[in-house]
Protein chains: 2
Amino acid sequence: MNEVINTINSRVSLRRYDSCEISNDDLEKIIESAIKAPTAGNMMMYSILKITDEKIKETLSETCDNQPFIKNAKVILIFLADLQKWYDYFEVCEVENIKAPGMNDFMLGIDDAIIACQNAVVAAESLGIGSCYIGDIMENYEKHKELLNLPDYTFPAAMITLGYYPKDMNKIYRERFDKQYVVFENTYKKLDEDELKNMFKHKEEDMPKTNPYGAKNFGELIYNRKTNADFSFEMDRSIKEWIKQFTK
Amino acid sequence: MNEVINTINSRVSLRRYDSCEISNDDLEKIIESAIKAPTAGNMMMYSILKITDEKIKETLSETCDNQPFIKNAKVILIFLADLQKWYDYFEVCEVENIKAPGMNDFMLGIDDAIIACQNAVVAAESLGIGSCYIGDIMENYEKHKELLNLPDYTFPAAMITLGYYPKDMNKIYRERFDKQYVVFENTYKKLDEDELKNMFKHKEEDMPKTNPYGAKNFGELIYNRKTNADFSFEMDRSIKEWIKQFTK
């Protein structure tokens, strides 16, 4: 295994950070790596917010599904799909009848943003800096738009917390589904009941005996904890609001 | 610069490949690296299609905005947002009144898929295997759904072509926008006219003297070539169809 693949494979989501600040040099390398990421048509339809302000970190801790560890991150990076700059540039160029961004622009901006973000994650990891993705940044449309001063043609596609691994860190790797249920050759293969049961077998076995939902199996547990949870409904609502504004 | 950051920084989009096939060992490492990627709630809301069939490659060359180089890729990987497996598993678990996926599921699936895809890209690069993202896989909803046998709760979030760098390769790095226009501290900063003109200055300077659109500046050129082009309208239409079906 080369150093790159080794770095990718040894990453875990990090929610507890060493007390020392991220050096400017390391942060610069992380951001440079993000900017070097592939981008559709070299258009870079994204922006990066580097969050260092303690008050904003604290607010994000609350608005992103109340996760206190977020404010303890040394730096937070938010990757925005950003068509605002292009729209404004078209205006400066006096393009006639400029249309508002469509779902194509929205999605290509998200692609660009997340691709750049994952480059940042891998680069950070190689410098001993751990990270955690926070999908909840897509919730609370109104609050996040105001907090971060986001114009209409932007969307917070990804957010990561960053900090050095603590010295006493004992990495725990979470098991992934077996490849046979994730990778298909040439065309999609719909899994039958037996395959699904096998796919989730280790999850069923590791499931705690009791749970707050009274779920009798792992499917019920996840459905209640994730799919049907309040934050999921909020995220659904919020994303629809972002899209409405982005493509209006 | 460590090897990881060096690999990230030395990547270019590769559209011409060495004649030798990708070894099973290397392909395995690429896919393992994808599967190790961060994923929301460890749910892995994605699937990977490994396209090796020559007929499918040829069709994709046509349906993805007629780009002949696509069929010459040694392997194509398509990363699907995939909530189908979870929906089917909830059924197997006899969850009551299962709701169809929402925009939250759609977007988290896309996040998962693209994060995994970029891990694959970086891992491939470290093995001397170049790649190119093809956003056009989001076009032609009806054709791609049938070609790849995609069930309702899936969406092709990303597609990459793969092949070893040719031995005579002379890498050309495409200039990125200056960091000051991409990275903002704490809150978004809307760029004014002067800033936008500076941001795009090198693009204006490098613009060819003539172009098929009669565009008088770079903004008009890109607006005609990308934003207002046929493939953009098709992508907009197609994504809306995917979403309609995904969240129905």
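Remember, it's a predicted structure, so these values are computed and weren't measured experimentally.

*Asks:* Talk me through empty space enclosed by the protein; I want residue IDs and the actual numbers.
*Replies:* Counted under the stated rule, the structure contains three cavities of 30 Å³ or more. By volume, the largest cavity amounts to about 70 Å³. Surrounding the largest cavity, Thr227 of chain A together with Leu83, Trp86, Tyr87, Phe90, Ile98, Lys99, Ala100, Pro101 and Asp105 of chain B form its lining. Ranked by the residues each element gives to the lining of the largest cavity, the list is headed by helix H4 (residues 84–92) of chain B, at three residues.

*Asks:* For the UniProt feature "domain: Nitroreductase" (unreviewed entry) in chain A, give the residues involved together with the corresponding values.
*Replies:* Sequence positions flagged by UniProt for "domain: Nitroreductase" (unreviewed entry) are, in local numbering, residues 8–164 of chain A. Each end of residues 8–164 of chain A is marked by a C-alpha atom, and these two atoms are 16 Å apart; helix forms 41% of the span and strand 19%.

*Asks:* Please set out a negative patch on the surface residue by residue, giving values where relevant.
*Replies:* A surface patch of like charges, here negative, comprises Glu175, Asp178, Glu204, Glu205 and Asp206 of chain A. As for its position among the elements, Asp178 of chain A is in the loop between strand S4 (154–164) and strand S5 (183–185).

*Asks:* Please set out helix H10 (residues 230–246) of chain B residue by residue, giving values where relevant.
*Replies:* Between its first and last C-alpha atoms H10 of chain B spans 24 Å; for 17 residues at 1.5 Å apiece the expected length is 24 Å, and the two agree. All of the buried residues along H10 of chain B are Phe231, Ser232, Glu234, Met235, Asp236, Ser238, Ile239, Trp242, Ile243, Gln245 and Phe246 of chain B. Looking at the buried positions of H10 of chain B, the neighbouring elements they touch are helix H5 (103–126) of chain A together with strand S2 (75–82), helix H5 (103–126), helix H6 (141–147), strand S4 (154–164) and helix H9 (218–227) of chain B.

*Asks:* I'd like a rundown of the pairing of S4 of chain A, residues and numbers included.
*Replies:* Remark: a regular strand shows side chains that alternate across the two faces of the sheet. Residues and elements named next belong to chain A. Of all eleven residues in S4, eleven are buried, a share of seventy percent or more. Taken together, the eight bridges between strand S2 (residues 75–82) and S4 define a ladder with antiparallel strand orientation. Across the sheet, Val75 pairs through a bridge with Leu162, a residue of S4. Sheet topology note: the strand S3 (residues 129–133)/S4 ladder contains five bridges and is antiparallel.

*Asks:* Mind laying out the relation of the copies chain B and chain A, listing which residues take part and the relevant values?
*Replies:* A rotation about an axis combined with a shift along that same axis relates the two copies of the chain. Expressed as a screw transformation, the operator carrying chain B onto chain A has a rotation angle of 180° and an axial translation of 0.0 Å, and the superposed copies differ by an RMSD of 0.0 Å. Each copy turns onto its partner about a two-fold axis. Scanning chain B for the C-alpha nearest the rotation axis identifies Val4 of chain B, at a separation of 2.5 Å. When the interface residues of chain B are mapped onto chain A, 100% of them again fall at the interface, so both copies present the same face.

*Asks:* Break down the layout of surface pockets for me, citing the residues and quoting the values.
*Replies:* Reported here for the second largest pocket is a volume of approximately 1,100 Å³. For the lining of the second largest pocket, the secondary-structure elements that each account for two or more residues are helix H4 (84–92) and H5 of chain A together with strand S3 (129–133), S4, H9 and H10 of chain B. For the lining of the second largest pocket, the leading source of residues is H5 of chain A, giving six residues. Taken together, the residues of the lining of the second largest pocket sort by class into 26 nonpolar, eleven polar and 13 charged.

*Asks:* Just give me the short version of the packing of helix H9 (residues 218–227) of chain A against H4 of chain B, but keep the residues and values in it.
*Replies:* Remark: H9 of chain A packs on H4 of chain B, axes separated minimally by 8 Å, with the N-to-C direction vectors making an angle of 125°. Classified by the angle their axes make, H9 of chain A and H4 of chain B are oblique. The handedness of the crossing between H9 of chain A and H4 of chain B is left-handed. Where H9 of chain A approaches H4 of chain B, its residues Phe218, Gly219, Ile222, Tyr223 and Thr227 of chain A are matched on the opposing element by Trp86, Tyr89 and Phe90 of chain B.

*Asks:* Explain the interface of chain B and chain A residue by residue, including any values.
*Replies:* Opposite the 112 residues of chain B that make contact, chain A presents 112 residues. Roughly 10,100 Å² of surface becomes buried between chain B and chain A when both sides are summed, with 65% attributable to carbon and sulfur atoms. Our enumeration of links across chain B and chain A arrives at eight salt bridges. Taking the shortest distance from any N to any O, the salt bridge between Lys50 of chain B and Glu185 of chain A comes out at 3.9 Å. For the pair chain B and chain A, the number of links is 58 residue pairs in polar contact (both at pLDDT 80 or more).

*Asks:* Break down the environment of Asn24 of chain B for me, citing the residues and quoting the values.
*Replies:* Residues and elements named next belong to chain B. Relative to the helices and strands, Asn24 is located in helix H2 (residues 24–35). We classify Asn24 as exposed; its relative accessible area is 65%. Separated by 48 residues in the primary sequence, Asn24 and Asn72 have C-alpha atoms spaced 18 Å apart.

*Asks:* Which residues make up the packing of aromatic side chains, and what are the values?
*Replies:* With the rule as written, the count across this model stands at 30 aromatic pairs over all chains. Seen in terms of ring centroids, Trp86 of chain A and Phe200 of chain B are 4.9 Å apart; in terms of plane orientation they differ by 75°. Their pairing is edge-to-face. Of this pair, Trp86 of chain A sits in helix H4 while Phe200 of chain B sits in the loop between helix H7 (193–199) and helix H8 (201–206), placing the two residues on different chains. Exposure remark for Phe200 of chain B: the relative accessible area of 0% places this residue in the buried category. Geometrically, the ring pair formed by Phe200 of chain B and Phe218 of chain B is tilted, given 6.3 Å between the ring centres and 40° between the ring planes.

Reading guide: rules and limits
- Residues numbered from 1 in each chain as written.
- Chains lettered and ligands numbered in written order.
- Predicted model: local features only at pLDDT ≥ 70, side-chain atom pairs only at ≥ 80, totals over all residues.
- Heavy atoms only, no water.
- 1 Å grid on protein atoms, 1.4 Å probe; cavity = no way out; pocket = protein on both sides within 12 Å on 5 of 7 lines; lining within 4 Å.
- Points joined across faces, edges and corners; volume = space filled by probe spheres on them.
- Helix = DSSP H or I, 4+ residues; strand = E, 2+ residues; numbered from the N terminus.
- UniProt positions renumbered as here; feature names shortened; annotations may be inferred.
- Patch = residues over 30% accessible without salt bridge, like charges linked within 9 Å, V, L, I, M, F, W, Y side chains within 5 Å.
- Areas by Shrake-Rupley, 256 points an atom, 1.4 Å probe, with all protein chains shown as cover.
- Salt bridge = Lys/Arg side-chain N within 4 Å of Asp/Glu carboxyl O.
- Lys, Arg positive; Asp, Glu negative; His and termini not counted.
- Charge placed at Lys NZ, Arg CZ, Asp CG, Glu CD.
- Expected span 1.5 Å × (residues − 1).
- Buried < 20%, exposed > 50% of the residue type's maximum accessible area, 1.4 Å probe, protein only.
- Contact = heavy atoms within 4.5 Å.
- Pairing = 2+ DSSP bridges.
- Least-squares fit on C-alpha atoms with pLDDT ≥ 70 in both.
- Nonpolar A, V, L, I, M, F, W, Y, C, P; charged D, E, K, R; others polar.
- Axes fitted to C-alpha atoms, helices over the stretch in contact; angles between N-to-C directions.
- Parallel < 35°, antiparallel > 145°, perpendicular 65-115°, else oblique.
- Left-handed = near helix turned anticlockwise from the far one by under 90°.
- Buried area = accessible area lost by both parts, 1.4 Å probe.
- Polar contact = N/O pair within 3.5 Å; in protein donor to acceptor, adjacent residues only side chain to side chain.
- Phe/Tyr/Trp six-rings, centres within 6.5 Å; stacked < 30°, edge-to-face > 60°.

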